[in-house]
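Structure assessment
Here's the letter readout for the chains.
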Amino acid sequence: MSDFELGGMTTFNMQHGFPEALVRGMRSGFLSDTDYHHLTQCENLEDVKMNLAETDYAASLINDANLTPILMQERATAKLVVDFNYLRAQASEPLGQFMDMITYEYMIENVMLLLRGTISGRNVNELIAQCHPLGMFKESTMRTIPTFEANARGYADLYETVLVDTPVGPYFQQYLDLNASRVSVAGDVRNILEEVQIEILKHSLMKLYLEDFYYFCVKLGGETAEIMCPILRARADRNAINITLNSFGTPLNDPTMRETERRNLYPSIGDLYPAGIELLTKVDDDQKLAQALGSYPIYRTIFDKFINLSVDEFSIDDEFYRREVHLCELAFESQMHFGVFYGFLRLKEQEIRNLVWICECILQRKKDQIGNFVAVFSSNSDWRAESTRKGGAHH
């Protein structure tokens, strides 16, 4: 990549002012506290659709007679993809590359979905239908990934298709280079797919991606680095904690695997890196994980709840989402940076999760749990000023 000037207060708007104005305008399309209140009072999904008639989701649902949680997710995601691609079409460099890098995560997710399908022998059309729209490759590539032949030549074709012809190819290449002692030729990619659990491959690729994106933001500098680096550090910490948590009861929790395979999955960025990561390589149960995170106030608070509350009372995923929402909302509080584009996408994804949750609770008659979501741009959020939460702010 050639070097680009991000632009400061005097020049940023010449290059990126228009798309930034667009994405800030899109903030008005988020559901309000009042919208959420009305949605949680709905008795059926027809009421949900009616209550969304005055929101940005109205046009997306107008042709659907019967709303379901899956349909809600599909229609809302499709709208988000259209909005994101519209913003991308207005972007000049380096904003264009920044927005492209946001989509690499979805590409990795899609490739992993297709590879899992290969192992389980599922229908290729089903798999492609489940892929995220922001991570799609050309159709011929999508169809080749899960249908390669189970021989050396077939795996060599997989290498050439997945690792070379896609934007996420460099991460696969890095992964193969790191495992070079076990891989001598392209055809031996088969050994990696068979020997290493698919989740290990996924976390390895995500580690490389997060590090790459982080240092790209550092290189951009300015307000973009100030906003994006904390967001990506928090994301890296979340991945490290989840990798540790999900390894309990699996081979990755064996003493030798903890020090080798599991250690290699942890990102080399984040607030936990390096001291906290060193502690994570040694833990083998929930209590020791909580102790290891004791020196980090944010994570200590989360894990105190995790240890002491039941599954129905507490969701660790929601706690991580809550922190991400906080950081992404802060992106809208300053100007002349790229973090607002990342924040918009992540906050919209949270809003979609909220809508699906509300629909599921109504469908399953679990109205007592319907409020267990993380509202976006809510005046009731913990991190809002006290006067705002009490409704005493001046407007």
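Each value, and the rule that gives it
- Residues numbered from 1 in each chain as written.
- Predicted model: local features only at pLDDT ≥ 70, side-chain atom pairs only at ≥ 80, totals over all residues.
- Heavy atoms only, no water.
- Helix = DSSP H or I, 4+ residues; strand = E, 2+ residues; numbered from the N terminus.
- Buried < 20%, exposed > 50% of the residue type's maximum accessible area, 1.4 Å probe, protein only.
- Areas by Shrake-Rupley, 256 points an atom, 1.4 Å probe, with all protein chains shown as cover.
- pLDDT = per-residue confidence, 0-100.
- Contact = heavy atoms within 4.5 Å.
- 1 Å grid on protein atoms, 1.4 Å probe; cavity = no way out; pocket = protein on both sides within 12 Å on 5 of 7 lines; lining within 4 Å.
- Points joined across faces, edges and corners; volume = space filled by probe spheres on them.
- Nonpolar A, V, L, I, M, F, W, Y, C, P; charged D, E, K, R; others polar.
- Phe/Tyr/Trp six-rings, centres within 6.5 Å; stacked < 30°, edge-to-face > 60°.
- Axes fitted to C-alpha atoms, helices over the stretch in contact; angles between N-to-C directions.
- Parallel < 35°, antiparallel > 145°, perpendicular 65-115°, else oblique.
- Left-handed = near helix turned anticlockwise from the far one by under 90°.
- Expected span 1.5 Å × (residues − 1).

**Comments concerning the overall build of the protein chain**
Helix and strand counts for the protein chain come out as 20 helices and zero strands. Within the span of the protein chain, comprising 395 residues, buried residues form 50% of the whole. A total accessible area of about 18,900 Å² is found for the protein chain, and carbon and sulfur atoms account for 51% of it.

**Description of the confidence of the model for the protein chain**
Of the residues in the protein chain, 87% reach a pLDDT of 70 or more, and the chain-wide mean stands at 87. In the model of the protein chain, helix α11 (residues 189-195) stands out as the element of lowest mean pLDDT, 46, in contrast to helix α19 (residues 339-363), which has the highest, 98. Taken together, the stretch residues 150-156 has pLDDT below 50 and engages in 17 contacts with residues farther than four places along the chain or on a different chain. Counting interchain partners and residues more than four positions distant, the pLDDT-below-50 stretch residues 190-196 has 19 contacts.

**Some points on the layout of surface pockets**
Roughly 960 Å³ of volume is contained in the largest pocket. As for the largest pocket, its lining consists of 30 residues, of which E109, K202, R235, R238 and Y321 are closest to the centre. Looking at the lining of the largest pocket, the elements with two or more residues in it are α6 (95-120), α12 (198-220), α13 (222-247), α18 (316-331) and α19. Classifying every residue of the lining of the largest pocket by side-chain character gives 11 nonpolar, nine polar and 10 charged.

**As for the side chain of T55**
Mapped onto the elements of the fold, T55 is located in the loop between α3 (45-51) and α4 (58-61). Dropping the residues within four chain positions of it, T55 is found in contact with L31 and D35.

**Topic: the packing of aromatic side chains**
Enumeration over the complete set of coordinates arrives at 14 aromatic pairs. When the centroid spacing of 6.0 Å and the interplanar angle of 80° are considered together, the rings of F30 and F344 count as edge-to-face. With a gap of 314 residues between them, F30 in the loop between α1 (12-25) and α2 (33-40) and F344 in helix α19 connect regions that are remote in the sequence. Like F30, the residue F344 is buried in the burial classification.

**Considering unusual backbone geometry**
Residues apart from glycine generally show negative phi values, whereas peptide bonds are mostly found in trans. Along the chain, E93 connects to P94 via a cis peptide bond; the corresponding omega equals 5°. Residue placement: P94 occurs in the loop between α5 (69-90) and α6. In this structure, P274 follows Y273 across a cis peptide bond, with omega equal to 0°. By the secondary structure assignment, P274 is in the loop between α14 (255-265) and α15 (275-280). With a phi close to 55°, R365 is a non-glycine residue in the positive phi region. Among the secondary structure elements, R365 is positioned in the loop between α19 and α20 (386-389). Of the residues examined, R365 reaches a relative accessible area of 63% and is grouped as exposed. One non-glycine residue, F377, lies in positive phi territory at about 55°. Along the polypeptide, F377 turns up in the loop between α19 and α20. Looking at F377, the relative accessible area reads 16%, which means it is buried.

**Quick word on the packing of α1 against α5**
The contact between α1 and α5 brings their axes to 9 Å, and the two run at 160°. By the angle between their axes, α1 is roughly antiparallel relative to α5. The crossing of α1 and α5 is right-handed. Contacts between α1 and α5 involve F18, P19, L22 and V23 on the former and, on the latter, Y86, L87 and Q90. The residue makeup of the contact of α1 with α5, split by class, is six nonpolar, one polar and no charged.

**Things to note about α5**
Under the 1.5 Å per step criterion, the end-to-end length of α5 is 32 Å for 22 residues, consistent within 8% with the ideal 32 Å. Taken together, the buried positions of α5 are P69, L71, M72, A76, T77, K79, L80, V81, D83, F84 and L87. Where α5 is buried, its residues contact α1, α3, α4, α6 and α19.

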